[in-house]
Amino acid sequence: MGIESQVNLIRDLQGRIGFDLDNGVRMLAALRGEIGGRERYGRFIGEKFGIVEKDRLFFSMSLLHAINIGDTNMYQRLIIIAQ
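From a predicted model like this one, the values you see are computed outputs, not experimental measurements. Along each chain, residue indices are assigned from 1 in the same order as the chain's sequence is written. It should be noted that, the model being predicted, local features are given only for residues of pLDDT at least 70 and side-chain atom pairs only at 80 or more, the latter also being counted only at that level, while totals for whole chains, interfaces and linings use all residues. Hydrogens and waters are ignored; side-chain quantities use all the structure's heavy atoms.

## Observations concerning the overall build of the chain
Heads up, the condition is: The helix and strand labels rest on DSSP assignments: H or I over at least four residues marks a helix, E over at least two residues marks a strand, and numbering proceeds from the N terminus. Each radius of gyration is computed over the set of C-alpha atoms, and the globule rule expresses the reference value as 2.2 Å times the number of residues to the power 0.38. For this analysis, residues touch if any pair of their heavy atoms sits within 4.5 Å. Each accessible area is a Shrake-Rupley result for a 1.4 Å probe, and residues are judged covered by the shown protein chains and nothing else.
When its secondary structure is counted, the chain shows five helices and zero strands. Listing the helices and strands of the chain from first to last along the sequence gives α-α-α-α-α. Over its C-alpha trace the chain gives a radius of gyration of 12 Å, about what one expects of a compact globule, namely 12 Å for 83 residues. The principal-axis extent of the C-alpha atoms belonging to the chain is close to 30 × 25 × 20 Å. Restricting to contacts in the chain with at least 6 residues of sequence separation, those with at least 24 account for 41%. Summed over all atoms, the accessible surface of the chain reaches about 5,500 Å², with 53% contributed by carbon and sulfur.

And the structure:
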């Protein structure tokens, strides 16, 4: 199907932020329907990685973009930045 890299990356992300895949997907689905929900989810991800508040949204949206396009190299570079 061509989505294996995206699935692997989202599983890795969910493990890093302490969610199993089902709970993480449910949280994202619930927040996406709310005004500003996606941004809240993004800030939550950035917070879990210890990113300073002003950079959380940019970091997490970059991470989610890497997952969306299945770019393992970009994802890993962002993870390294967060460490």
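Here the narrative resumes.
## Remarks on the layout of surface pockets
Short version of the rule: A 1.4 Å probe that fits into a set of points on a 1 Å grid over the protein atoms alone but cannot get out defines a cavity; an open set with protein on both sides within 12 Å along at least five of seven lines defines a pocket, and lining residues are those with an atom within 4 Å of a point. Grid points are joined across faces, edges and corners, and a volume is the space filled by probe spheres set on the points. Gly is placed with the polar residues, together with every amino acid not listed as nonpolar (Ala, Val, Leu, Ile, Met, Phe, Trp, Tyr, Cys and Pro) or charged (Asp, Glu, Lys and Arg).
Within this model, the largest pocket holds a volume of roughly 280 Å³. Residue lining of the largest pocket: 14 residues in total, with Leu28, Arg32, Leu64, Ile67 and Asn68 positioned closest to the centre. Mapped onto the lining of the largest pocket, the elements with two or more residues apiece are α1 (4-16), α2 (21-32), α3 (37-48) and α4 (56-69). The element that contributes the greatest number of residues to the lining of the largest pocket is α4, accounting for five residues. The residue inventory of the lining of the largest pocket, partitioned by class, reads seven nonpolar, five polar and two charged.

## Some remarks on α3
To be explicit about the condition: Multiplying 1.5 Å by the residue count of a helix minus one yields the expected span of that helix.
With 12 residues, α3 extends 17 Å between its outermost C-alpha atoms, agreeing within 8% with the 16 Å of an ideal straight helix rising 1.5 Å per residue. One or two positions beyond α3, positive phi appears at Gly50, with a value near 80°.

## Describing the packing of α3 against α4
What counts, and what does not: Convention adopted: a line fitted to C-alpha atoms gives each axis, helices being fitted over their contacting stretch, and angles between N-to-C directions are expressed from 0 to 180 degrees. Angle categories: roughly parallel below 35 degrees, roughly antiparallel above 145, roughly perpendicular from 65 to 115, and oblique for all the rest.
Put simply, α3 and α4 touch, their axes get as near as 7 Å, and they point 95° apart. With respect to their mutual orientation, α3 and α4 come out roughly perpendicular. Here α3 contributes Arg38, Glu39, Gly42, Arg43, Ile45, Gly46 and Glu47 to the contact with α4, which in turn contributes Arg56, Leu57, Phe59, Ser60, Met61, Leu63 and Leu64. Within the contact of α3 with α4, the residues separate by chemical class into six nonpolar, three polar and five charged.

## Overview of the pattern of salt bridges
Put simply, the test is: A side-chain nitrogen of Lys or Arg and a carboxyl oxygen of Asp or Glu constitute a salt bridge if their distance falls within 4 Å. For every residue, the accessible area (1.4 Å probe, protein chains only) is compared with the maximum for its type, and the residue is labelled buried under 20%, exposed over 50%, or partly exposed between those bounds.
The full count for this structure, using the stated rule, is three salt bridges. Note that Asp12 is salt-bridged to Arg16, the shortest N-O span being 2.6 Å. Note that Asp12 and Arg16 are positioned in helix α1 at a spacing of four residues, about one turn of the helix. Put simply, Lys54 and Asp55 hold a salt bridge, and the shortest N to O gap is 3.6 Å. Classification of Asp55 as partly exposed rests on a relative accessible area of 33%.

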